[in-house]
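# Tertiary structure, described
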Amino acid sequence: MTTILAIESSCDDTSAAVLRDDKLLSNVIASQKVHEQYGGVVPELASRAHEQNIIPVVDGAVRQAGIGKEEIDAVAFTRGPGLMGSLMVGVSFAKSFAQALGRPLIEVNHLQAHVLSHFIRQEGVGTPRFPFICLLVSGGHTQILLLHSHFEMEILGQTIDDAAGEAIDKAAKIMDLGYPGGPIIDRLAKEGDADAFRFATPQIAGYDYSFSGIKTSFLYFLRDRLKEDPDFIENHKADLCASVQKTIVSFLLKKVERAALDHKVRQVAIAGGVSANSLLRSELQRICEKHHWQAFIPPFKFCTDNAAMVGIAGYFKYLKGDFADISLPPYTR
Ligand code: KG4
Ligand code: ZN
């Protein structure tokens, strides 16, 4: 039996989790509200908030797990990618904590962790079998991955510019809806007509994506409509949210479906912050049912940034004896 303490601090969530093998004992997340008023993450404020949060969050995770610190076998941490100042806080804390306990360190890649969250044991839910396809969609990344094993992730396609979450957040910002825009658009879209407006998606080869054009066409479309009706956004908010959400989700899933067909894969997963989107979840389910594929949709608590996913990635590395040197610096990309 292996007990892992995991730490995540790559962006604006400070999180710590304790896992016993693949079973989650605790997962504490302190989300930083300070960025809302700025309409985006302010790196300097994020690292300061991590510094304030890290000790209470780790302490909370250990207490909620009901274990003593001496029971921890290894400390896993997100090494990157992320914001340098944010990563520094988690990385330095993990190193000192592991050294104080005399336990090994495990470095984890944040993106791999998002994907591996599907392997956290859950009552009544199976885990994917290899090979499977995973659409990784977050505020910083959009990739279609073909997983051959836990750590062999072949990138079939990815965005050539903005990430899907970034495009959704920018659309929300254009409409002045608040930050982060993803959950707000998701909520408002439920009241709207997804076919009210059409936004063109770019023709782009293979399994790659591009989202900057969608954002621009959304901006120009609104600029023209606002000339005729200054209250256009207010009067059509739900329809706009539903339409832009449908545009992005359809574009995402069309390529995922193609990739699964081409690679004869019958299991498809989603991961990352945008996998919390209700349309993405229901549409993936619908496509998988149509083809008699199995869909893997993470519970909400594992979609956005959390340390539980870092812990499961750390557990698989622990089993391989893949430990990190204390001198390893964080990386941003
Ligand atoms: O994975 P994550 O927490 O952080 C990164 O590693 O980037 O993802 C954050 C992204 C943001 O763009 C946020 O707007 C988006 O996930 N997001 C959503 C929803 N919940 C979070 N996008 C659409 N619908 C949601 N319900
Ligand atoms: Zn993330």
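Note that the structure is predicted; figures quoted are calculated from it, not measured. (Residues numbered from 1 in each chain as written. Chains lettered and ligands numbered in written order. Predicted model: local features only at pLDDT ≥ 70, side-chain atom pairs only at ≥ 80, totals over all residues. Heavy atoms only, no water.)

## Quick word on the packing of aromatic side chains
Going through the model one piece at a time under the given rule, you end up with 15 aromatic pairs. Cluster of aromatic residues (ring-pair linked, three or more members): Phe 119, Phe 130, Phe 132, Tyr 315 and Phe 316. Geometry around Phe 300 places Arg 281 over its ring, the cationic atom sitting 4.1 Å from the centre. (Phe/Tyr/Trp six-rings, centres within 6.5 Å; stacked < 30°, edge-to-face > 60°. Lys NZ or Arg CZ within 6 Å of the ring centre and 35° of its normal.)

## Section: the coordination of the zinc ion (ligand 2)
Under perfect tetrahedral coordination by four donors, a metal shows angles of 109.5 degrees; under perfect octahedral coordination by six donors, it shows angles of 90 or 180 degrees. Each protein donor to the zinc ion (ligand 2) is listed here as His 110 (NE2), His 114 (NE2) and Asp 305 (OD); together their distances run 2.0 to 2.2 Å. In the primary structure, the donors to the zinc ion (ligand 2) are separated according to the pattern H-x3-H-x190-D. A residue pair is termed a helical-turn pair when its members lie 3 or 4 positions apart in one helix, as His 110 and His 114 do in helix 3 (residues 110-116) at four residues. Grouping residues by exposure puts His 110 and His 114 together as buried. (Donors = N, O, S within 2.8 Å, 3.2 Å for Na, K, Ca; no water. Helix = DSSP H or I, 4+ residues; strand = E, 2+ residues; numbered from the N terminus. Buried < 20%, exposed > 50% of the residue type's maximum accessible area, 1.4 Å probe, protein only.)

## Some details on the site of ligand 1
Around ligand 1 sit 17 residues, and of these Gly 139, Asp 169, Asp 186, Gly 273 and Asn 277 come closest. Measuring from a nitrogen atom of ligand 1, one finds a side-chain N or O atom of Asp 186 at 2.9 Å. A total of 560 Å² of accessible area belongs to ligand 1 in isolation, and the protein chains cover 87% of it. Mapped by element, the contributors of at least two residues to the shell around ligand 1 are helix 3, helix 4 (164-174) and helix 5 (181-189). Broken down by element, the residue count for the shell around ligand 1 peaks at three residues, all from helix 5. Here the shell around ligand 1 is built from residues that sort into four nonpolar, 10 polar and three charged. Two domains share the shell around ligand 1, each providing at least three of its residues, namely domain 1 (3-117 + 303-320) and domain 2 (129-298). (Near = heavy atom within 4 Å. Polar contact = N/O pair within 3.5 Å; in protein donor to acceptor, adjacent residues only side chain to side chain. Areas by Shrake-Rupley, 256 points an atom, 1.4 Å probe, with all protein chains shown as cover. Nonpolar A, V, L, I, M, F, W, Y, C, P; charged D, E, K, R; others polar. Domains from an automatic or database assignment.)

## Considerations on the packing of helix 5 against helix 8 (residues 237-262)
To characterise two packed helices, one gives the angle between the axes of the helices and the distance between these axes. Contact pair helix 5 / helix 8: the axes reach a minimum separation of 8 Å and the direction vectors enclose 115°. In terms of their interaxial angle, helix 5 and helix 8 are classed as roughly perpendicular. The element helix 5 and its partner helix 8 pack so that their crossing is left-handed. Residues Ile 185, Asp 186, Leu 188 and Ala 189 of helix 5 touch helix 8, and the partners they reach there are Lys 237, Ala 238, Cys 241, Ala 242, Val 244 and Gln 245. (Axes fitted to C-alpha atoms, helices over the stretch in contact; angles between N-to-C directions. Parallel < 35°, antiparallel > 145°, perpendicular 65-115°, else oblique. Left-handed = near helix turned anticlockwise from the far one by under 90°. Contact = heavy atoms within 4.5 Å.)

## A look at the nonpolar core
What tends to happen in soluble globular proteins is that the nonpolar side chains get buried as a cluster. Grouped together as the largest cluster of nonpolar side chains are 49 residues, with contacts concentrated most on Ile 133, Leu 135 and Leu 240. Here this core gets 12 residues from one element, more than from any other, and that element is helix 8. Residues in contact with Leu 135, not counting those within four places in the same chain, are Gln 143, Ile 144, Tyr 209, Leu 252, Leu 253, Val 256, Ala 269, Ile 270, Ala 271 and Leu 280. Residues Ala 74, Ala 76, Tyr 315 and Phe 316 belong to the second largest nonpolar core, which totals 33 residues. (Core = buried A, V, L, I, M, F, W, Y, C linked by side-chain atoms within 4.5 Å.)

## Concerning the side chain of Asp 186
For Asp 186, the position within the fold is in helix 5. Sequence-distant contacts of Asp 186, that is, excluding residues within four places in its chain, are made with Gln 245, Ala 276, Asn 277 and Ser 278.

## Considering helix 6 (residues 212-228)
Between its terminal C-alpha atoms helix 6 stretches 25 Å, which fits the 24 Å expected from 17 residues at 1.5 Å a residue. Where the residues of helix 6 are buried, they touch helix 4, helix 7 (232-235) and helix 8. (Expected span 1.5 Å × (residues − 1).)

## So, the sheet that holds strand 2 (residues 13-20)
Ordered in space as 3-2-1-4-5, the five strands form an open sheet in which the pairing is mixed. Each end of this open sheet is capped by a strand with a single partner; those strands are strand 3 (23-31) and strand 5 (105-109). For this sheet, the mean angle separating the axes of adjacent strands, direction not counted, is 20°. In the packing of helix 2 (residues 84-101) onto the sheet, the strands contacted are strand 1 (3-8), strand 4 (74-80) and strand 5, and the crossing angle to strand 4 comes to about 160°. Strands strand 1, strand 2, strand 3, strand 4 and strand 5 of the sheet are contacted by helix 10 (residues 308-320), whose axis makes an angle of about 130° with strand 1. (Pairing = 2+ DSSP bridges.)

## Some remarks on the domain arrangement of the chain
Looking at the chain, the domain boundaries give domain 1 (3-117 + 303-320) and domain 2 (129-298). For domain 1 and domain 2, the distance between their C-alpha centroids amounts to 27 Å. Listed as interface residues are 16 residues of domain 1 and, on the opposing side, 17 residues of domain 2. Here domain 1 and domain 2 share an interface that buries about 1500 Å² over both sides, 76% of which is from carbon and sulfur atoms. When residues of domain 1 are sorted by the area they lose upon contact with domain 2, Leu 111, Val 115 and Cys 303 head the list and together hold 38% of the total. Summed over the shared surface of domain 1 and domain 2, the number is zero salt bridges. Taken together, the connections running from domain 1 to domain 2 amount to one residue pair in polar contact (both at pLDDT 80 or more). Listing elements by their share of the side of domain 1 that touches domain 2, those giving two or more residues are helix 3 and helix 10. Class assignment for the residues of the side of domain 1 that touches domain 2 results in eight nonpolar, five polar and three charged. (Buried area = accessible area lost by both parts, 1.4 Å probe. Salt bridge = Lys/Arg side-chain N within 4 Å of Asp/Glu carboxyl O.)

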